[in-house]
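Summary of structural features
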Amino acid sequence: MYRSHTCGELRLADKGKVISLAGWVQTVRKFGSITFVDLRDRYGITQLVFNESLNAQLDEQPLGREFVIQADGTVLERSNKNPNIPTGDIEIEVTAFTILNKSAVPPFTIQDDTDGGDDLRMKYRYLDLRRNAVKRNLELRYAVNRAARNYLHENNFMDIETPFLIKSTPEGARDFVVPSRMNPGQFYALPQSPQTFKQLLMVSGYDRYYQVVKCFRDEDLRADRQPEFTQIDCEMSFVRQEDILNMFEGMIKHIFKAVKGIEYTEAVQRMSWEEAMWMYGNDKPDIRFGMQLLNIKSAFTLNGEITAKGELLQGADFAVFNEAETVLAIAVPGIAEYTRKQVDELTEWVKRPQIGMKGLVYIRYNADGSVKSSVDKFYSEEQLRAIAEAAGAGKGDMVLILAGAEERTRKAISELRLEMGERLGMRKKDEFKLLWVLDFPLFEYAEDENRWVARHHPFTSPKPDHIPVMIGNNPVIEDAKHYLKHPYAQIKANAYDMVLNGNEIGGGSIRIFQRELQEKMFDALGMSKEEAQHKFGFLLGAFEYGAPPHGGIAFGFDRLCAILGGSESIRDFIAFPKNNSGRDVMLDAPSTIDQKQLDELKLEIRD
Ligand code: ASP
């Protein structure tokens, strides 16, 4: 063995012991005839002292940063203790050392606050991984992994691997494909998820399955997505939605406890998709703070019943509101005092292309009870106060109002709400709020393709009450603009998402398990019988041999780790991530392949 102890292990109680350590040179400091070296490994840092007797060897073999050395010596009590590190009470008086390997000068410092930029650190990820900050993230990732596995194991789930070289499993993204040398002109698809396999495992009777598994989705990489990412993927048989919600609420709570020491004892709040959209404009609301929307005017209704408070705008001649499809407001606490400049800055903020609004209307509800607004000309003070109060504003608050097309405005106000929550410190990193969002629509209309697509995936079952609507004879949509009136728009799914602090961390559904309904689903999605048979014949076939009722869920493991680690970026929690253009800059992948490989695969590259 090169070492008797690790660099994080020795304490005052070990004083006098003769030991050996091995690791990387963090720093070298020379004071006259004494040299101090901080030696680092995965477990910590220990100070080594090289006395005069080793000077000659040090002169001959000088130590540099990141050299790998092995040192023998004796544990001494330090005269100058360092309370900041666990080994700070001791140091090692070195009696002999060996340089195991030299190091080139690293391109950035291996420290928490490194001088290396993002690109450089990605190129030399193996050095970046030596940094404490990154190491802590990987440790947290492993702790989450362990906690999830322990919980699932305790609950009789079985880890079963599923293949990567498969046929398309649609989750709404493009497939990554792999050419088959042995079957020229044919391709495997990498799984977007193990969805169909886990369902087949249910048919096979493995009634509780899980896997911590890679999924591959070739999508345009929006911020903080990775082309390959990891899911905690689970499936259960003989369950209803309630059973799944309880089981996985339990898993997340277990992870909170095991990883963060947090006792999340309260029941996870639940909300229907419609309520989430109505109250927050968003299907993954951050419920750590209020600022719920006031729907002053809206094409979107809650449960088809409660309509927007349109009366609040009546009788005024303000074309922007009168002509808008939607007018939505939030009351932001304590900012009535905002200066003109601050309001202008917020207006610019909503006009940015990412938000895409034409302007921002405000109502100040001043501390003295007076009301001042950018639309004073059009509305009486009573009207403005009524709007402010309906939005939940009190004295000292300011109401922000956006108007425009339904979807865009809803998205914009929900972004504005999050931004204001952030600015006002209402989104605390160490506060965790879970939420189940339920009853998603089964379908979404893809206007550009003029067809229905599955909102979750095509294996999700409709609510039992809605099955008759689905299998009934429904009209063809002539004009895409009117899709909201089609019966399909009203069908709700047995699907659920788990949301943590405004992030979707998991999603799943109760599945279709009868061949006829599954065929009907493919048909509704515009797939011909032949196409359905070609793509999913194996699943339809399996459903003929005693498929049990089943359902499941998958958690985004990388994101869950990032949130628990208090970070915005999943990349920080992946050992070897890709950059925002899907490249591995360390490997320089993707890259071209040899002509010989292309020939073997019978592939030709065209410009
Ligand atoms: N396969 C689904 C997904 O990746 C999760 C599930 O329905 O269990 O989102």
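To be clear, the structure that these remarks concern was listed above.
Heads up: these notes are all about the structure in this document. On a predicted model such as this, the values are computed, not experimentally measured, just so you know.

1. Quick word on the pattern of salt bridges
All chains considered together, the criterion is met by 45 salt bridges. Asp224 is the salt-bridge partner of Arg559, the closest N and O atoms lying 3.2 Å from each other. Residue Arg559 is found in helix H15 (residues 557-564), and its partner Asp224 is found in the loop between strand E9 (208-216) and strand E10 (228-237); the two are separated by 335 residues along the sequence. Taken together, the shared-partner salt bridges connect Asp118, Arg121, Arg125, Asp128, Arg131 and Arg571 into one network.

2. Focus on the state of the cysteines
Chemically, a disulfide is nothing more than a covalent bond linking the sulfur atoms of two cysteines. Summed over the entire model, instances satisfying the criterion amount to zero disulfides. The closest cysteine sulfur to the non-disulfide-bonded Cys234 is located on Cys215, 12 Å from its own sulfur. Note on Cys234: relative accessible area 0%, which makes it buried.

3. Concerning the side chain of Asn366
Along the chain, Asn366 turns up in the loop between strand E14 (361-365) and strand E15 (371-373). Classification of Asn366 as buried rests on a relative accessible area of 18%. Not counting residues within four places of it along the chain, the set of residues in contact with Asn366 comprises Ala336, Lys372, Lys395 and Gly396.

4. Some points on the side chain of Arg511
Among the secondary structure elements, Arg511 is positioned in the loop between strand E21 (503-510) and helix H13 (515-524). Exposure remark for Arg511: the relative accessible area of 2% places this residue in the buried category. Within the local environment of Arg511, its side chain forms a polar contact with the side chain of Ser509, the two groups lying 2.6 Å apart.

5. Focus: helix H14 (residues 529-542)
Relative to the 20 Å expected for 14 residues at 1.5 Å per residue, H14 spans just 17 Å between its end C-alpha atoms, considerably shorter than the ideal helical length. Maximum bend of H14: about 90°, positioned at Phe536. Where H14 is concerned, the buried positions are Ala532, Phe536, Gly537, Leu539, Leu540 and Ala542. Tucked into the core, H14 has its buried residues touching helix H5 (195-203) and H13.

6. Here we look at the pairing of strand E13 (residues 326-332)
For a regular strand, side chains alternate in direction, first toward one face of the sheet and then toward the other. Of all seven residues in E13, seven are buried; the element is thus mostly enclosed. Of the two faces of E13, the one carrying Thr326, Leu328, Ile330 and Val332 and the one carrying Val327, Ala329 and Ala331 are both buried. Judged from the three bridges that link them, strand E12 (residues 294-297) and E13 form a sheet pairing that is antiparallel. Residue pairing for E13: Leu294 is matched across the bridge by Ala329. Pairing geometry for E13 and strand E16 (residues 397-404), over seven bridges, is antiparallel. Within E16, the position partnered with Ala329 by the bridge is Ile401.

7. Comments concerning the environment of Lys411
With respect to the helices and strands, Lys411 occurs in helix H11 (residues 406-423). Owing to a relative accessible area of 52%, Lys411 belongs among the exposed residues under this scheme. Taking the C-alpha atoms as reference, Lys411 lies 6.2 Å from Gly281; in sequence the two are 130 residues apart.

8. Focus: the packing of aromatic side chains
Scanning the entire structure with this criterion turns up 22 aromatic pairs. Measuring from centroid to centroid gives 6.1 Å for Phe248 and Phe555, while their planes differ by 45°, and the two rings are tilted. Here Phe248, found in helix H6 (residues 241-260), pairs with Phe555, found in strand E22 (residues 550-556); they are 307 residues apart in sequence, far enough to count as distant. Overall, Phe248 belongs to the buried group, its relative accessible area being 0%.

Parameters at a glance
- Counting restarts for each chain, with residues numbered from 1 along the sequence as it is written.
- Only residues with pLDDT of at least 70 get local features here, since the model is predicted, and only at 80 or more are side-chain atom pairs given and counted; chain-wide, interface and lining totals rely on the full set of residues.
- Only hydrogens and water are set aside; all other atoms, that is, all heavy atoms of the structure, feed into the side-chain values.
- By salt bridge we mean one thing: a side-chain nitrogen of Lys or Arg within 4 Å of a carboxyl oxygen of Asp or Glu.
- Secondary structure elements follow DSSP: runs of H or I of four or more residues count as helices, runs of E of two or more count as strands, with numbering from the N terminus.
- Cysteine sulfurs are considered disulfide-paired once they come within 2.5 Å of each other.
- Summary of the burial criterion: residues with accessible area below 20% of their type's maximum are buried, those above 50% are exposed, and those between are partly exposed, where the area comes from a 1.4 Å probe applied to protein chains only.
- We call two residues in contact when some of their heavy atoms are within 4.5 Å.
- Counted as a polar contact is a pair of N or O atoms within 3.5 Å, where, for protein atoms, one must be capable of donating a hydrogen and the other of accepting one, and residues adjacent in sequence contribute only when both atoms are in side chains.
- Helix span, as expected, comes to 1.5 Å for every residue beyond the first.
- What the bend at a residue measures is the angle between two axes, fitted to the seven residues ending there and to the seven starting there.
- A pair of strands counts as paired when DSSP detects no fewer than two bridges linking them.
- Ring pairs are drawn from Phe, Tyr and Trp, using the six-membered ring of Trp, whenever the two centres fall within 6.5 Å, and their geometry is named by plane angle: stacked under 30 degrees, edge-to-face over 60, tilted for the rest.

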